[in-house]
Amino acid sequence: MQDPHTPRDGFVERLEWQISSELRRRHRTGPATWLPASPVKAAAVIAFLVIVSMAAGGAAVAAAVQAQNDARRDALTSGYEQRLELARRRLVAAQTHMQVLDREVKLGLLPPDRLSEPQLNVTEAEQSVKVLELQLQEVRLSAREPLSEISAPLVSGRDFVLERLQIERLAPELALVVERVRLKDGQARVRVGVAPAIEVAEIEARISELESAISGLQRKLDIRRQFVAGQITAAQADLRVLESAAEHRLRALEPKIAVARTKVAAEESRFNVGLTTRVEVAAARLRLSELESELAKAQLDLALIRKKINEPS
Amino acid sequence: MSGSLPDEDVIRTYRDTIRPLYAYVSRRVGGDHGLAEDLVQETWMRALDTWPSRGVPRDPAAWLMRVARNTLVSHFRRLPPQPIDPASIDLEAERFTPDTPDAAAIVGWGLARMRRSHAELLEAFYFEEKSVREIAAARRLSERAVEGRLRRARNKLKKVLNRLPGSRLTAHAPGGSEGTPHAGPTHTS
């Protein structure tokens, strides 16, 4: 059985390609210049202001506090600007890789379905950039880390939590479209006998997981809107999000268990005709047991959360 | 400031270190391929930001793993808390390893909120599957000292995890007879 901590070959190749592209870009344009915040300089300024304020009185103390807030905002902003820069570079690398493959598909060197995963990578990278842009805006307004809890307050009248949730739907929605195309293709392959039925079962399980994830995000959006409208308290909102996550885990597990049962049956049939070993059968049974155990835990989690929701406040 | 960084040095370093680096990150995220790939990629982007001005470090693997560790901590600090089932996180169990994405996420969430010295000890034990003997040899401590530190670190982790909904993890008193942490746990590969 392959070591689960071995990287996928596609990932290793893709990252090497991205690193090479980035190195070539630097040779052409020079390194991106930005000035990182200097914590030593900021500390020296704050120390000086504190000494002055002790001599001069209250107004200087207020100025020192303001300087400290500004220094904190600057440090946070700088950190998020760096992460945004990284995300933008990842997006450019993903888009360039996509363009290269697109050319090869147009030349007939690759089948069109090879574009699905790169397209998904581009969408995920775009999503990361948009989320980081929002986080940076929130940091600039609030001078603190962005809050992601459903019960987080608005920032200067703006609902960053809602905006981020709306962006987070993009990638799973595209992934769902891709999987539905794969399902049609898989069903056709099974019909003509060039693929086993389990291939379709796995795609169906993935579709079910994505539908559940999208539905979970929509539920979060609804809970957020209820909280902002004052219809539920912060504690109720947080618990309902946990409840939604637990329900999503349950829904995601059920098709996986169905696939695992099919695999166990397939391995047992193959063992009976001498096409596989006891080890493979045992591995399939173990995987099924693990999933069934996860299901039981997810059911317990959900019961615990619902108990807390129903407790009188 | 050094001149331009030879590409072949960087690519060679990448090829030499990608598998150990990936394994380091993957163990800490319970084998979640997508997440491990994102974090490894982020680590390498930071290397490309730093190495052109400072050159490839003398021990690039150690540098990358240090940065990967910081990236992991930042990731887990940003995660919202998830409910846990105490039976799935039995830190005292001989066979416990956080080798699923969910268990790794909970343990990682907790470790990101602990002092680094405690967190690194628990990482060596749970993620690197090092025995008490190996940890003692690496840190030049007695096995008894390592067992004591592990017990204290576990208790601190339980206190942190007890903030999560659904948790009922109990801390053991130091020096109690809980079945002393095994001198050589059965971490089998």
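Everything here concerns the structure above.
My aim in this report is to walk through the structure given alongside it, one point at a time. As the structure is a prediction and not an experimental result, all values here were calculated from the model. (Residues numbered from 1 in each chain as written. Chains lettered and ligands numbered in written order. Predicted model: local features only at pLDDT ≥ 70, side-chain atom pairs only at ≥ 80, totals over all residues. Heavy atoms only, no water.)

## Let's talk about the packing of helix H4 (residues 101-111) of chain B against helix H7 (residues 143-161) of chain B
Each pair of packed helices can be summarised by the angle the axes make with each other and by the distance between the axes.
All names here are of chain B.
Consideration 1: With their axes 9 Å apart at the nearest point, H4 and H7 run at an angle of 105 degrees to one another. On the basis of their axis angle, the class for H4 and H7 is roughly perpendicular. In this structure, H4 contributes Ile106, Val107, Trp109, Gly110 and Leu111 to the contact, and H7 contributes Leu157, Val160 and Leu161.
Consideration 2: In terms of residue class, the contact of H4 with H7 is made up of 7 nonpolar, 1 polar and no charged. (Axes fitted to C-alpha atoms, helices over the stretch in contact; angles between N-to-C directions. Helix = DSSP H or I, 4+ residues; strand = E, 2+ residues; numbered from the N terminus. Parallel < 35°, antiparallel > 145°, perpendicular 65-115°, else oblique. Contact = heavy atoms within 4.5 Å. Nonpolar A, V, L, I, M, F, W, Y, C, P; charged D, E, K, R; others polar.)

## A look at H4(B)
Residue and element names in this part refer to chain B.
Consideration 1: Judged by how many residues are buried, H4 sits mostly within the fold: 8 of 11 residues are covered.
Consideration 2: Looking at H4, one finds that the buried residues are Ala103, Ala104, Ile106, Val107, Gly108, Trp109, Gly110 and Leu111.
Consideration 3: Contacts made by the buried residues of H4 are with helix H1 (7-28), helix H3 (60-78), helix H5 (116-126) and H7.
Consideration 4: Between the side-chain oxygen of the N-cap and the backbone nitrogen of Ala103 there are 3.2 Å, and the N-cap of H4 in question is Thr100. (Buried < 20%, exposed > 50% of the residue type's maximum accessible area, 1.4 Å probe, protein only. Polar contact = N/O pair within 3.5 Å; in protein donor to acceptor, adjacent residues only side chain to side chain.)

## Details of the interface of chain A and chain B
Consideration 1: The partner chain B presents 37 residues to the 33 residues of chain A that form the contact.
Consideration 2: Between chain A and chain B, the buried area comes to about 3,400 Å², and carbon and sulfur atoms account for 61% of it.
Consideration 3: Counting across the chain A and chain B interface gives 4 salt bridges.
Consideration 4: Connecting chain A to chain B are 6 residue pairs in polar contact (both at pLDDT 80 or more).
Consideration 5: Within the residue set of the side of chain A that touches chain B, elements represented by two or more residues are helix H1 (9-29), helix H3 (58-106), helix H8 (234-272) and helix H9 (278-310) of chain A. (Buried area = accessible area lost by both parts, 1.4 Å probe. Salt bridge = Lys/Arg side-chain N within 4 Å of Asp/Glu carboxyl O.)

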